[in-house]
Amino acid sequence: MNAEGPVIVIGAAGIDTKGRPQKPLQMGVSNLGMVRSSVGGVARNIAENLARLEVPTILLSAVGQDATGDLVLAHTSQAGVDTSYALRLPDVPTGNYVAILDHKGQLAVSVSEYDIVSAISPSYLQEHRTLLAEAAMIVIDASLSTKTLASVFRWAKRFKVPVCADPTSQLLAKKLLPYLADLYLVTPDIMESTILCQTPSSPPRTRDQAIEAAQCLVSLGAGTALITMAERGVAFADGTSTGHVAALLTQIVDATGAGDALTAAVIFGLLNDIPLDEAVRLGVTAASLTLRTRDTVAPDLSLDKLYDELVV
């Protein structure tokens, strides 16, 4: 591990299209409301948040050789992420995610088309193994194929680079089960935690239950575990301490990307030797800023903004 090196973020990059109705969502009919598109993808979102927090960041991802891919890479690069190693594929469309929110801005249902992520292959990682060797940290989302995940952890072990993982969804979280003991940090929500703890009938509902879920992940080998609980805050454990940080009361314009902002801000804190409870407070603050914007990443996020908003 190179403590002065960049963070390498590996995974999905694409476009988010989000619809939010003016009134309570009605199924089977057209709902009047707002439709907006923004640049997204879990890995890409984390990378942009890190760059906006002045962390040197490189994105390893794949987009189409199309106007959408141009937009994704241009926006991400302008935010400060090094996108020069991203794959451009002529025959595959850039990834897309469509979300229908409820009238309060929370996710009701979504559809994701990210077949292009399969191009992030073991051979692609081998081609860029020098980047991995020089990294301060590797961050992944669980959209990667099983073979690529195995390759990530193999290179990380060889180069002694810590790995952080976002489970991304309940469906994808199970891919991380073989690697819990290899994770420096894992950041599931309450439902994803049931997959990783293999307790599908018992999702954590209270603060204490969420702390127990975080402890479960640490007992399975994870270095640090965060359990995100939306408006109920974040529980955490790292083997020496446990705790909970309450969510900040804020207007919710769009919840998309809030978890990615939290993950990035916690990583920023840990990279800078900030105690875990304080790093989680930074994460909760970054998530709150993201909830207030229609963009998937808060366009005004910065270190100054983060600390100005931080509630101690």
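Please refer to the structure placed before this passage.
Below is a short write-up of the structure. (Residues numbered from 1 in each chain as written. Predicted model: local features only at pLDDT ≥ 70, side-chain atom pairs only at ≥ 80, totals over all residues. Heavy atoms only, no water.)

### Details of the packing of aromatic side chains
- Under the counting rule described, the total for this entry stands at 2 aromatic pairs.
- Residues Phe153 and Tyr179 carry aromatic rings whose centres are separated by 4.3 Å and whose planes lie at 5° to one another, so their mutual orientation is stacked. Taken as a pair, Phe153 in helix α5 (residues 146–159) and Tyr179 in the loop between α6 (170–173) and β11 (185–186) lie far apart in primary sequence, 26 residues in all.
- Of the residues examined, Phe153 reaches a relative accessible area of 4% and is grouped as buried.
- Residue classification places Tyr179 among the buried residues on the basis of a relative accessible area of 14%.
- Measuring from centroid to centroid gives 5.6 Å for Trp155 and Phe159, while their planes differ by 10°, and the two rings are stacked. With Trp155 and Phe159 both in helix α5 and 4 residues apart, this pair spans about one turn of that helix. (Phe/Tyr/Trp six-rings, centres within 6.5 Å; stacked < 30°, edge-to-face > 60°. Helix = DSSP H or I, 4+ residues; strand = E, 2+ residues; numbered from the N terminus. Buried < 20%, exposed > 50% of the residue type's maximum accessible area, 1.4 Å probe, protein only.)

### Quick look at the sheet that holds strand β8 (residues 107–113)
- Read across the sheet, 4 strands follow the order β3-β2-β7-β8 without closing on themselves; strand pairing throughout is mixed. The sheet is open, and its two edges are formed by β3 (33–40) and β8, each paired on a single side. Direction aside, neighbouring strands of the sheet carry axes that sit 15° apart on average. (Pairing = 2+ DSSP bridges. Axes fitted to C-alpha atoms, helices over the stretch in contact; angles between N-to-C directions.)

### Things to note about the pattern of salt bridges
- Summed over all chains, the structure comprises 9 salt bridges.
- With a shortest N-O distance of 3.6 Å, Asp182 and Lys157 are connected by a salt bridge. Here Lys157 lies in helix α5 and Asp182 lies in the loop between α6 and β11, a separation of 25 residues in the sequence.
- On the basis of relative accessible area, Lys157 is assigned to the exposed category, the value being 56%.
- One network of salt bridges, with partners in common, ties together Arg292, Asp300, Lys305 and Glu309. (Salt bridge = Lys/Arg side-chain N within 4 Å of Asp/Glu carboxyl O.)

### Re the side chain of Asp166
- Looking at the element boundaries, Asp166 is found in strand β10 (residues 163–166).
- Among buried charged residues, Asp166 stands out as having no salt bridge; its nearest opposite-charge side chain is Lys175, 12 Å away.
- Filtering out sequence-adjacent residues up to four positions away, Asp166 remains in contact with Val42, Ile46, Ile140, Asp141, Ala142, Thr187, Asp260 and Thr263. (Lys, Arg positive; Asp, Glu negative; His and termini not counted. Contact = heavy atoms within 4.5 Å.)

### Things to note about the nonpolar core
- Counting 53 residues, the largest nonpolar core has Ile10, Leu60, Ile138, Ile140 and Leu217 as the members making the most contacts within it.
- At 6 residues, helix α8 (residues 207–219) tops the list of elements feeding residues into this core.
- Here Leu60 is in contact with Ile8, Val9, Ile10, Gly11, Tyr85, Ile120, Tyr124, Leu125, His128, Leu131 and Leu132, once residues within four sequence places are set aside. (Core = buried A, V, L, I, M, F, W, Y, C linked by side-chain atoms within 4.5 Å.)

### Regarding α8
- An ideal rise of 1.5 Å per residue puts 18 Å on 13 residues; α8 measures up with 18 Å between its terminal C-alpha atoms.
- Packing partners of the buried residues in α8 comprise β11, α7 (190–196), β12 (224–228), β13 (234–237) and β14 (242–245).
- One or two positions beyond α8, positive phi appears at Gly221, with a value near 120°. (Expected span 1.5 Å × (residues − 1).)

### Comments concerning the packing of helix α1 (residues 42–52) against helix α2 (residues 67–78)
- Taken N-terminus to C-terminus, the directions of α1 and α2 make an angle of 25°; their axes are 9 Å apart at the nearest point. With respect to their mutual orientation, α1 and α2 come out roughly parallel. Facing Arg44, Glu48 and Arg52 of α1, the residues of α2 in contact are Val72, His75 and Thr76.
- Looking at the contact of α1 with α2, its residues break down into 1 nonpolar, 2 polar and 3 charged. (Parallel < 35°, antiparallel > 145°, perpendicular 65-115°, else oblique. Nonpolar A, V, L, I, M, F, W, Y, C, P; charged D, E, K, R; others polar.)

### Some points on the sheet that holds strand β4 (residues 57–60)
- Across the sheet, which stays open at both edges, the 8 strands sit in the order β4-β1-β9-β10-β11-β12-β13-β14 with mixed pairing between neighbours. In this open sheet, the two strands that pair with only one neighbour each are β4 and β14.
- Both β11 and β12 contribute to a ladder of 2 bridges, which runs parallel. Across the sheet, Val186 pairs through a bridge with Ala225, a residue of β12.
- Sheet strands in contact with helix α10 (residues 276–291) are β12, β13 and β14, and its direction is about 155° off that of β13.

### Examining the pairing of β4
- The alternating pattern of β4 places Thr57 and Leu59 and Ile58 and Leu60 on opposite faces, both of which are buried.
- Bridging between strand β1 (residues 7–10) and β4 involves 4 bridges; their strand directions are parallel. Paired with Val7 across the bridge in β4 is Thr57.

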